[in-house]
Amino acid sequence: MARTLDPESLGDHLDRLFRAAWALCGSREDAEDLVQETYERVLRRPRFVRRDDDLGYLYRTLHNTYFNARRTASRRPRVTAQLDDVQAASSRADVQPEQAAENNLVLEAVAALSQPMREVLVAVDVLGLSYAEAGKALGVHENTIPSRLARARLEVAEALQG
């Protein structure tokens, strides 16, 4: 049975979507932009979801928004900045510097994965979707999820050890 997505409940998923976006993008700033654009798209008009699938629906929208933006960007000419032109990003390391550094390393390792493995790892480990929900969100059979997830976890572990 379909129901209207409640705009008031969208804030409940903000932290998990942000972590998913950061893992997809590899950058805090890009993740903030992606989450904002995702919420803007969802709030633009009433949306219908099945059962309690708010998070799965939001992740599908985030995923589609991310890859649509990448496709569009790949068609545009690239503009490069000099290192001196870029300010260092703050990641709230002043609160817990060791934790912030560790989180950044993990998210960088996730962002370096191939697209299929990164998507599965984000869906299952970051967002907490079931294999069936992740398969539906990513448009793959749910039996594909465990093997991709195992390979993705292994690559992240190897990257963190190396």
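Residues numbered from 1 in each chain as written. Predicted model: local features only at pLDDT ≥ 70, side-chain atom pairs only at ≥ 80, totals over all residues. Heavy atoms only, no water.

1. Concerning the packing of aromatic side chains
Here is step 1 of the chain: Within the structure shown, the criterion is met by two aromatic pairs.
Here is step 2 of the chain: Plain terms: the ring middles of Y66 and F67 are 4.7 Å apart, the flat faces sit at 80° to each other, and that makes the pair edge-to-face. Both residues of the pair, Y66 and F67, belong to the buried class. (Phe/Tyr/Trp six-rings, centres within 6.5 Å; stacked < 30°, edge-to-face > 60°. Buried < 20%, exposed > 50% of the residue type's maximum accessible area, 1.4 Å probe, protein only.)

2. Notes on a negative patch on the surface
Here is step 1 of the chain: Taken together, the side chains of E29, D30, D33 and E37 make up a negatively charged region of the molecular surface.
Here is step 2 of the chain: Locating E29 in the fold gives a position in helix α2 (residues 28–43).
Here is step 3 of the chain: Accessibility expressed as a relative area gives 36% for E29, which makes it partly exposed. (Patch = residues over 30% accessible without salt bridge, like charges linked within 9 Å, V, L, I, M, F, W, Y side chains within 5 Å. Areas by Shrake-Rupley, 256 points an atom, 1.4 Å probe, with all protein chains shown as cover. Salt bridge = Lys/Arg side-chain N within 4 Å of Asp/Glu carboxyl O. Lys, Arg positive; Asp, Glu negative; His and termini not counted. Charge placed at Lys NZ, Arg CZ, Asp CG, Glu CD. Helix = DSSP H or I, 4+ residues; strand = E, 2+ residues; numbered from the N terminus.)

3. Considering helix α7 (residues 145–161)
Here is step 1 of the chain: The terminal C-alpha atoms of α7 lie 24 Å apart, and with 17 residues this matches the ideal 24 Å at 1.5 Å per residue to within 8%.
Here is step 2 of the chain: Residues of α7 that are buried include every one of I145, L149, A152 and V156, and no others. One face of α7 carries all of its buried residues, which in axial projection span an arc of 65°. (Expected span 1.5 Å × (residues − 1). Arc of directions from axis to C-beta.)

4. Examining α2
Here is step 1 of the chain: For α2, with 16 residues, the first-to-last C-alpha span of 22 Å sits near the 22 Å given by 1.5 Å per residue.
Here is step 2 of the chain: Among all positions of α2, only A31, L34, V35, T38, Y39 and V42 are buried. The arc enclosing the buried residues of α2, seen along the axis, measures out at 130°, which places them on a common side.
Here is step 3 of the chain: Measuring from the side-chain oxygen of the N-cap residue of α2 to the backbone nitrogen of E29 gives 3.3 Å; that N-cap residue is S27. (Polar contact = N/O pair within 3.5 Å; in protein donor to acceptor, adjacent residues only side chain to side chain.)

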